[in-house]
Each structure stands twice: as C-alpha cells, then as structure tokens.
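Architecture at a glance
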Amino acid sequence: MTEEREIAGFVLPLAAGIAACSTITSTFPSAGAGISGLLLAFVLLWIGWKHRCDRGPVLVASAAAAFFTGLFLFSTWSMSHILHPFEFPSIRGSIDLNFPHEETNGLLNALITGNKSELSKNTISAFRNSGAAHLLALSGLHLGLLYAILQKLLLLLGRSLTARRIRWFLLLLLAGSYTLATGASPSLVRAFLFIVLNETSRLTGRPQRTAQILMSALTLQLLLTPAALLTTGFQLSYLAVGGIIYIYPLLERCWPDPEDEDRSWMRKVWKSACLSISCQLTTSPLAWIRFGSMPEHFLLTNLLAIPLTGLLIPIALLTIILEASGCCPDFLLLTVDRLASALIRLLELISVM
C-alpha cells in the first residue's frame, strides 16, 4: 500500500498539471513550456536543497514538481504535435469473409479492428441503447481476450527461463503490434501497459499488486502522451479498472464461496454481476456528464453479451487465420455467423425492453 500511495502522490499532481495546462496555456504552448520549465527547475532545486529536512516539505515539493512536470509535458507535447503530427497505421476494414449474413463481416470488423463503418444504423443503435457500445470501441476487453489466447498458446513453449523470456518477448511484440495496428487508442494503450508491467514483473520474479500496476500504467501513459488525459476513452478506461480493483472485491465478498459444488455456477453469475456493477458505478457519472444518458439494462447486457463476445472473438480469429491459409472448414464460418447474428439479435431485443 505504501508503494501505491507514493505513486499516487506523483501521478495525481501530474494529471492535475496536465489538466491545468490544457485549460490555461493551450493557446500559447511555447510560452507554457518556458514558464513551466523554469518553475519545474526551481522546484527540483528546492527539493535538492531540502532533502535533509523532515519528510513533510519534501513531499510537498515532490507533488509540486509532479504538477509542473505535467504543465511542461503537456505544453511541449502540444507544440511538437502541432509541428510534427503523427498517425499510427491501421488495419481497419480488412475482414471480408464469405458469411451467410452480410452484417457478420461488419460486426467482426468492429469487434476486432474497430472499424464500425460497415455496421447498419440499426445495429449501432441496438448496441448503444442496450449499453453494449463499449464492445464496439476497441478497449482493454478486446486486448485482454487476445492476451488470454496468446498466453494459452505460448504455454506450449514450456516453463524454462529461456521459454519464459521468449514468451515475454512474443507477448509484448504481438500485443504491441495489435495496439499500434488498430490505432493505439488510449484504452488500448492502457491495456498494453498493463500487459507490459504484468509480464515483466512475472519474468523478474517481482509480482506487483494490481493497484500498483494501475498507478504505474497511468504514470507511464501520462508521461508518454499527456494529452490522452483529456479524452473520454482514457478517462472511462481508468475509471472502469479502478472500479474493478477497489469496488469489485467488496461486492464479491458479499456472497461467500458455496460449499455445495452444484451452486458454484450461481457464484460465477454473481461475480460477473459484481464486475459489471463495479465498472458501472465508477463510469456512470462521467458517462452521464459526457453523453447525458445511462443504459437501464446494463447488467443484463453485460451478463449475456460479454460472454457471447468472449466466445465469438477467439473463434472468429481462428476462422480468419484458417481462411487466410486456405483451409477453413465451412462449419467454422457457419458457427461464427450464427454467434454474430445471435449477439446482434440479443442486443436488439434488450434495446427495446
């Protein structure tokens, strides 16, 4: 807990500095960089001068340094982005298989590559009204599913130190490639940083708590792309993960583990419901402020749609790989098509309830 508080004591003032700079100095980024750079240098000198004093002044000075670092980072990032804009490459719109239903290709493009242009207005409306719009926006859920699949496959390499190093390299390479190729949205970058920190701690034998990884990922992402703090995707992503880390354990413990194995499925449903509720509690206020609405049937949607999506994406990825190699059986195409149609029909039904 001490490490988490120390990281939070840096990242929260850092975020405050970024937010302040976006409000005050966004019109004059070069001036903001000069002023914040001078203030940062002054505070760092103050810390060096006071480092032998009691802890209080040093903590205050460290928080001030983090704040001015945020000011400096955002102002310099704004200027460099204006002068040298950079866009990540994209694989969006690359899925085009011979499914019985035309809407299946559009749904797979949205779920795997983030391209929603092939979806009909009715389908997009069904996702939005049922509270499943987050499934169409590439996020930690999608990268997490890919990460879980890769972990299972790469276990075949063995458990030796060499195998673990190769697995670490391949996991980061493949997850990072997917993140870049699909546009590197803030929520995907957050999930990728989680993977980097988690896998690195495993490889080095220094496991960290999830809250530490959350704070460390937040710090790294703000240092790399300070303007991400201002995006809705970034804010919703970290709020959702914060709900899972801090609220979910409290809700989940309300129903202790059943002694009867026949009732274990009920506990799985309860855990899924707690996961959905914990995310909704932390993200709903922001969603209401940003969009002026909140889905009424989010619990039913997440209990049914997320498991179905978690089944659809791995089978769809396998189908795409086999189809590209020219040896995909027809029953796989039919299975993906039926799962995709079932997901769309389910959300259409929930959206009119």
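The structure displayed is predicted, hence computed values, not measured ones. (Residues numbered from 1 in each chain as written. Predicted model: local features only at pLDDT ≥ 70, side-chain atom pairs only at ≥ 80, totals over all residues. Heavy atoms only, no water.)

Further remarks concern a nonpolar patch on the surface. Side chains of F169, L173 and L174 sit close together on the surface and give an oily, nonpolar patch of about 280 Å² of accessible area. One can find F169 in helix α7 (residues 161–181). F169 sits in the partly exposed class, given a relative accessible area of 48%. (Patch = residues over 30% accessible without salt bridge, like charges linked within 9 Å, V, L, I, M, F, W, Y side chains within 5 Å. Areas by Shrake-Rupley, 256 points an atom, 1.4 Å probe, with all protein chains shown as cover. Salt bridge = Lys/Arg side-chain N within 4 Å of Asp/Glu carboxyl O. Helix = DSSP H or I, 4+ residues; strand = E, 2+ residues; numbered from the N terminus. Buried < 20%, exposed > 50% of the residue type's maximum accessible area, 1.4 Å probe, protein only.)

The next thing to look at is the confidence of the model for the protein. Regions with low pLDDT carry predicted coordinates that are not meant to be interpreted in detail. For the protein, the mean per-residue pLDDT works out to 76, and 73% of the residues sit at or above 70. Within the model, pLDDT remains below 50 along residues 28–34, and this stretch shows 10 contacts once partners closer than five positions in the same chain are excluded. Ignoring residues within four places in sequence, the model shows residues 79–89, a span with pLDDT below 50, making 12 contacts including any to other chains. (pLDDT = per-residue confidence, 0-100. Contact = heavy atoms within 4.5 Å.)

With that out of the way, let us pick up the packing of helix α8 (residues 186–204) against helix α9 (residues 210–224). Interaxial distance between α8 and α9 falls to 9 Å at its minimum, and their mutual angle equals 125°. It follows that α8 is oblique to α9 by the angle criterion. Between α8 and α9 lies a crossing whose hand is right-handed. Between α8 and α9, the contacting residues are P186, V189, R190, L193, F194, L197 and N198 on the first element and I213, L214, S216, A217, L220 and Q221 on the second. Looking at the contact of α8 with α9, its residues break down into nine nonpolar, three polar and one charged. (Axes fitted to C-alpha atoms, helices over the stretch in contact; angles between N-to-C directions. Parallel < 35°, antiparallel > 145°, perpendicular 65-115°, else oblique. Left-handed = near helix turned anticlockwise from the far one by under 90°. Nonpolar A, V, L, I, M, F, W, Y, C, P; charged D, E, K, R; others polar.)

We now examine the packing of aromatic side chains. Any two aromatic rings considered together are summarised by their centre-to-centre distance and by the angle between their planes. Inspection of the entire model under this criterion finds one aromatic pair. Between F234 and Y238, the ring centres sit 4.7 Å apart and the planes meet at 45°, which makes this aromatic pair tilted. Here the residue F234 and the residue Y238 both occupy positions in helix α10 (residues 232–246), the gap between them amounting to four residues, near one helical turn. The class of Y238 is buried, set by a relative accessible area of 10%. Here R190 stacks its cationic end above the ring of F194, 5.2 Å away from the centre of that ring. (Phe/Tyr/Trp six-rings, centres within 6.5 Å; stacked < 30°, edge-to-face > 60°. Lys NZ or Arg CZ within 6 Å of the ring centre and 35° of its normal.)

With that out of the way, let us pick up helix α5 (residues 121–130). Listing the buried residues of α5 in full gives T123, A126, F127 and S130. Buried positions in α5, seen along its axis, are confined to an arc of 95° and lie on one side of it. Of the exposed residues in α5, the ones pointing more than 90 degrees away from its buried face are K121 and R128. Residues of α5 that are buried sit in contact with α4 (102–113), α13 (298–325) and α14 (330–351). Backbone geometry just after α5 places G131 at a positive phi near 90°. (Arc of directions from axis to C-beta.)

Residue position: E252 is located in helix α11 (residues 248–252). The contact partners of E252, leaving out residues within four places of it in the chain, are R267, W270, K271 and C274.

Two numbers describe a pair of packed helices, the interaxial angle and the distance between the axes. Close contact between α7 and α8 brings their axes to 10 Å; oriented N to C, the two are set at 175°. Relative to α8, the element α7 is oriented roughly antiparallel. Residues R164, R165, W168, L171, L172, A175, G176, Y178 and T179 of α7 touch α8, and the partners they reach there are L188, V189, F192, I195, V196, E199, T200, R202 and L203. Considering only residue class, the contact of α7 with α8 consists of 11 nonpolar, three polar and four charged.

Moving on: the pattern of salt bridges. Going through the model one piece at a time under the given rule, you end up with three salt bridges. Taking the shortest distance from any N to any O, the salt bridge between R345 and E103 comes out at 2.7 Å. Here R345 is found in helix α14, whereas its partner E103 is found in helix α4, with 242 residues between them in sequence. Taking relative accessible area as the criterion, R345 reaches 40% and is therefore assigned partly exposed. You can call E103 partly exposed: its relative accessible area is 22%. Across the pair E199 and R202 runs a salt bridge whose closest N-O atoms are separated by 3.7 Å. Of this pair, E199 and R202 both sit in helix α8, three residues apart, which is roughly one turn of that helix. Residue E199 is classed as buried on the basis of its relative accessible area of 7%. Through salt bridges with shared partners, a single ionic network connects E103, R345 and E348.

The first and last C-alpha atoms of α10 sit 21 Å apart over 15 residues, in line with the 21 Å expected at 1.5 Å per residue. When we look at burial in α10, the residues that qualify are F234, Q235, S237, Y238, A240, V241, G242, G243 and I245. (Expected span 1.5 Å × (residues − 1).)

In this fold, P314 is placed in helix α13. Taking relative accessible area as the criterion, P314 reaches 26% and is therefore assigned partly exposed. Residues P314 and I149, spaced 165 residues apart in sequence, show a C-alpha to C-alpha distance of 7.4 Å.

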